[in-house]
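Structural features, examined
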Amino acid sequence: MPLNDSPAPNRITCPVCGNDTEFLEVAEDVVLTTVYMQNEDGSFTPLEDNSQVLGDIKLICGECEEDLTAFHQRFSDMLF
Ligand SMILES: [Zn+2]
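Residue numbers restart at each chain and count upward from 1, following the sequence in its written direction. Where local features are concerned, this predicted model is filtered to residues with pLDDT of at least 70; where side-chain atom pairs are given and counted, the filter is 80 or more; whole-chain, interface and lining totals use all residues.

**Some thoughts on the overall build of the chain**
For clarity, the cut-off: Counting from the N terminus, the helices are the DSSP runs of H or I reaching at least four residues and the strands are the DSSP runs of E reaching at least two. The reference for a compact globule is 2.2 Å times residues^0.38; the radius of gyration itself is calculated from the C-alpha atoms. The exposure label follows from counting other C-beta atoms within 10 Å of a residue's C-beta, where the C-beta atoms are placed from the backbone and the thresholds are 20 or more for buried and 12 or fewer for exposed, leaving partly exposed in between. Any pair of residues counts as being in contact when their C-beta atoms, constructed from backbone geometry, are within 7 Å of one another.
A tally of helices and strands in the chain yields one helix and four strands. In the chain, the succession of helices and strands from N to C terminus is β-β-β-β-α. Against the compact-globule benchmark of 12 Å for 80 residues, the chain has a radius of gyration of 19 Å, which places it well outside the compact range. If one aligns the C-alpha atoms of the chain with their principal axes, the spans along those axes are about 60 × 35 × 20 Å. Here the chain holds 80 residues, and the buried ones make up 5% of them. Looking at the chain alone, contacts between residues at least 24 apart form 54% of all its contacts between residues at least 6 apart.

Here is the structure:
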């Protein structure tokens, strides 16, 4: 494989500040539901974690906080 310094064509780069390393995914209106079981000694053990996103999910630049939601689909596709 030849050495190649050019970025992969599908990398997301912030058009405002050029950041291409750190991004934030922000979910609005999230309902967090956790199921707990109470133990004999009165302590609780979490059994199940259900979170439901009711609002929009945004992709935000980690450097300048520009809204990059237009890239969110690509972000989701590249999430492993
Ligand atoms: Zn930026």
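Additional details are given in the paragraphs that follow.
**Structural notes on the environment of Glu63**
Turning to its location among the elements, Glu63 is positioned in the loop between β4 (57-61) and α1 (72-77). The exposure class of Glu63 is partly exposed, given the 15 C-beta atoms found within 10 Å. When near neighbours in sequence (up to four residues on either side) are disregarded, Glu63 contacts Cys14, Cys17, Asn19 and Glu22.

**Considerations on unusual backbone geometry**
Non-glycine residue Asp29 carries a positive phi angle of around 50°. Tracing the chain through its elements places Asp29 in the loop between β1 (23-27) and β2 (30-38).

**As for the pairing of β2**
Put simply, the test is: Here, strands pair whenever DSSP counts at least two bridges between them.
For β2, a buried count of zero out of nine residues is recorded, marking the element as mostly open to its surroundings. Bridge count between β2 and strand β3 (residues 44-53): nine bridges; the pairing is antiparallel. Bridge pairing in β3 links Met37 to Thr45. Here β2 hands over to β3 after five residues, with Gly42 in that stretch at a positive phi of 90°.

**Quick notes on the environment of Asn39**
Here Asn39 lies in the loop between β2 and β3. Overall, Asn39 belongs to the exposed group, with 9 C-beta atoms counted inside 10 Å. Once you skip the residues sitting within four places of it in the chain, Asn39 turns out to touch Phe44 and Thr45.

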